[in-house]
Amino acid sequence: MAKQRKEKREKRKGEVTYSAESYSFFENVWDVARLVPKGRITSYGAIARYLGTGRSARMVGWAMNAVDKVTPKVPAHRVVNSQGLLTGKHHFKTPTLMQELLEKEKIKVKDDQVVDFKTLFWDPMKELG
DNA sequence: AGTATGACTCATT
DNA sequence: AAATGAGCCATAC
């Protein structure tokens, strides 16, 4: 029994097996995240709102937590919180990776906060809808 | 099965 | 202007 459970777990890790609803939700989150242009950023809440789930920004965070398990890759580093703060940096391979990736795209970061956040902000509602 | 926990956000104080 | 509380809802334990 324990073995079965373990196998189930492994499978889960490798694939994306959520309930039908959350499955599409996660997929949508990733899709939107992938649409964020290089050198721009967006926020969890913006994605949530674009998907119509309004206040479930936390779930967007959960979706980001799962980007390891999914392809093509999702530029999770381009998703920050509503203030432009790099709140998710501890979930990257190294705590500094997120900032490094951003700086690679000419996005300046100071004290874990994106400089010119307002200017660089990419709103899916505006850009897509 | 119920509680705790977030890569969040908004309103209120 | 900074701190606090409440809403959010899928996972983890």
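Just so we're clear, the structure is a prediction, and the values are computed from it rather than from any experiment.

### Looking at a nonpolar patch on the surface
Then, number 1: Taken together, Leu-35, Tyr-50, Met-125 and Leu-128 make up a surface patch of nonpolar side chains, about 340 Å² in accessible area.
Then, number 2: Topologically, Leu-128 is positioned in the segment after α7 (124–127).
Then, number 3: Residue classification places Leu-128 among the partly exposed residues on the basis of a relative accessible area of 38%.

### Things to note about the protein's contact with DNA strand B
Then, number 1: Among the 18 residues in the neighbourhood of DNA strand B, the closest are listed as Tyr-44, Gly-45, Arg-58, Ser-82 and His-91.
Then, number 2: Each atom of DNA strand B within 4 Å of the protein was assigned to sugar, phosphate or base; sugar and phosphate come to 48%.
Then, number 3: One of the backbone nitrogen or oxygen atoms of Ser-82 is found 2.5 Å away from a phosphate oxygen of DNA strand B.
Then, number 4: Only α3 (44–50) and α4 (57–65) provide two or more residues apiece to the surface near DNA strand B.
Then, number 5: Counting residues per element, the surface near DNA strand B draws most heavily on α4, which supplies seven residues.
Then, number 6: Taken together, the residues of the surface near DNA strand B sort by class into seven nonpolar, nine polar and two charged.

The rules behind these values
- Residues numbered from 1 in each chain as written.
- Chains lettered and ligands numbered in written order.
- Predicted model: local features only at pLDDT ≥ 70, side-chain atom pairs only at ≥ 80, totals over all residues.
- Heavy atoms only, no water.
- Patch = residues over 30% accessible without salt bridge, like charges linked within 9 Å, V, L, I, M, F, W, Y side chains within 5 Å.
- Areas by Shrake-Rupley, 256 points an atom, 1.4 Å probe, with all protein chains shown as cover.
- Salt bridge = Lys/Arg side-chain N within 4 Å of Asp/Glu carboxyl O.
- Helix = DSSP H or I, 4+ residues; strand = E, 2+ residues; numbered from the N terminus.
- Buried < 20%, exposed > 50% of the residue type's maximum accessible area, 1.4 Å probe, protein only.
- Near = heavy atom within 4 Å.
- Polar contact = N/O pair within 3.5 Å; in protein donor to acceptor, adjacent residues only side chain to side chain.
- Nonpolar A, V, L, I, M, F, W, Y, C, P; charged D, E, K, R; others polar.

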